[in-house]
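A closer look at the structure
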Amino acid sequence: MSVLAPGLGSKPFSTPVRLAVYAGACAVFVAVVFIRGGPNPAETDAHAVTLPTTAISHGDLGAAERQTVVPNPPGYPLLMSPLVLAFRPWIGSPRWCDDKPVPKILRTTAPAYFLSILGPCTARHGADHGRPYPIWYRSQAILSILGWVVLAVGAGMLLRAAGGGGVAEALLLMALAVLPSASDAIAQTFHPQDLMSVGLSCAGMSQALRRRWVMVGVLFGVAFLCKQFAILPLLAVLAAAPGWRARARVVVPVGAVVAAGVVPFYLVAPVDTVRAMTAVFVAGVRLEKTPTVVGLFDMLEATKLTVARDAPIVLAAVLVVWARWRARGTLLAPAPLVGLALACLATRLVFEISLLNYYFLAVGVAMLLLDVIRRRLPVWSVGWIVVTRFVVTPLAPHVALTLTAALFLAAALVPIGLGLAQVKRGPRPPVPVALR
């Protein structure tokens, strides 16, 4: 039930005002990143997206896949490589200077490997193409800001398609600017591809509300190319679609976009491409206990990863089938669609094998959107964001693994419950007179 005035944020801003609001929110996000010391090339996956981007800008697709040492599709490097090519003298460097200390855990676990890629300001690492490593905002790291821009634009599109705008849109943008997991994805782990995937998924859902099914497929195809978890909200959209023809008009563009992005890499580096796309390859790690439910299992890491990647899809598929049965064709409305997408995205948290702050990004954004769309105070979303980021994560190193795993599971189940609560029972077909 709405607890705010029905007219709050329903009147959209004019285009100049909206652009000013977006620019102001982006400035706030950039300020937050600066305050946090900028993107950190230590303790991050930065090299796994910047080095492939450089390789693509040189036309070397094989090297790009070999350098994708974490399981990412090629979407973000593909999108960024034209900018690197055009502005190489200013932002071409795939590495940058950073005076942040290398985390103690990395110095003690595998110093030879980590010191070869971390701390690029030190003399032992030399220079980049004959020049000293630049500061982050004069390297490829500056492009990570575009990830937040895509997130903000996609969320705004979804809000306006749901009938919101104006003040509500401004509040949403400011919330995204200070959302901890959004800056975590840049300042801690350098995952701008996650920001882009969430933003493109939001844009795809906005087009679903407008019944533009081909555009839905294109946007979700690009979202999947940025990060594979885009398949989870896509399942919600497919369940909400009014029929098989609409679903086909979504699935075909998704397949075409993904194939266009992946096949060229597969042709030159099939093994590396499969590893990057399936995200279940583990080099040199056999068994390790981590503070999640799946992480506590006595299974090989490769098996855990298979569970972490596939089980959320299975659970999300079960949820969307139930939602379709319960709603009876009334899912294609703002609150039910966003709620179901929220529940599907949260299934990923149920089966994760590690605890990283940027994992909370997609669910946090969806919860904020649901509160704004419902025009209610964001008590649940803000409470969940604060507890997960400032209680569960900091507590993990100081308590038993089982307790952290239980808290993390609870943090996953809460948004699933909140999301499914938006799926109301739809009208049942009338009973024939002869059977009454």
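A brief report on the enclosed structure follows. (Residues numbered from 1 in each chain as written. Predicted model: local features only at pLDDT ≥ 70, side-chain atom pairs only at ≥ 80, totals over all residues. Heavy atoms only, no water.)

**Observations concerning the packing of aromatic side chains**
Note on aromatic pairs: each is described by the distance of the centres and the angle between the planes. The following threshold applies: Here the aromatic set is Phe, Tyr and Trp, taking the six-membered ring for Trp, and pairing holds for ring centres within 6.5 Å; pairs whose planes are under 30 degrees apart are stacked, those over 60 apart are edge-to-face, and all others are tilted. In this text, helices come from DSSP runs of H or I with a minimum length of four residues, and strands from runs of E with a minimum of two, each type numbered from the N-terminal end.
Taken as a whole, this structure holds eight aromatic pairs when the rule is applied. Seen in terms of ring centroids, Phe34 and Tyr137 are 5.6 Å apart; in terms of plane orientation they differ by 40°. Their pairing is tilted. Within this pair, whereas Phe34 is found in helix H1 (residues 15-35), its partner Tyr137 is found in the loop between helix H7 (111-117) and helix H8 (144-161), the two being separated by 103 residues in sequence. Arranged with centres 6.0 Å apart and planes meeting at 70°, the rings of Phe360 and Phe408 form a pair that is edge-to-face. Residue Phe360 is found in the loop between helix H17 (334-350) and helix H18 (361-373), and its partner Phe408 is found in helix H20 (residues 401-420); the two are separated by 48 residues along the sequence.

**Topic: unusual backbone geometry**
This is how it is decided: Between buried and exposed lies partly exposed: a residue is buried under 20% and exposed over 50% of the maximum accessible area for its type, with that area taken using a 1.4 Å probe on protein chains only.
In the Ramachandran plot, Phe190 falls in the positive-phi region, its phi being about 50° despite a non-glycine side chain. The residue Phe190 is located in the loop between helix H10 (180-187) and helix H11 (192-209) in this model. Among the residues examined, Phe190 registers a relative accessible area of 0% and is labelled buried. The phi torsion at Arg328 lies on the positive side, around 55°, for a residue other than glycine. Among the structural elements, Arg328 can be located in the loop between helix H16 (301-327) and H17. Taking relative accessible area as the criterion, Arg328 reaches 37% and is therefore assigned partly exposed.

**Re the environment of Gln228**
Applied cut-off: A contact between two residues is defined here by any heavy atoms of the two lying within 4.5 Å.
Inspection of the secondary structure assignment puts Gln228 in the loop between helix H12 (213-226) and helix H13 (231-240). A relative accessible area of 15% places Gln228 in the buried class. Once the C-alpha coordinates of Gln228 and Ala279 are considered, the two residues, 51 residues apart in sequence, prove to be 8.9 Å apart. Filtering out sequence-adjacent residues up to four positions away, Gln228 remains in contact with Pro71, Pro73, Ala276, Met277 and Ala279.

**Concerning the nonpolar core**
We count it as follows: To qualify as a nonpolar core, a set must consist of buried Ala, Val, Leu, Ile, Met, Phe, Trp, Tyr and Cys residues joined through side-chain atoms within 4.5 Å.
Trp148, Leu176, Trp213, Leu340 and Val365 are the most contacted members of the largest nonpolar core, which totals 117 residues. No other element matches H17, which puts eleven residues into this core. Sequence-distant contacts of Leu340, that is, excluding residues within four places in its chain, are made with Ala236, Ala239, Leu319, Val320, Ala323, Leu331, Gly419 and Leu420. Ala55, Ala63, Ala64 and Phe265 belong to the second largest nonpolar core, which has five residues in total.

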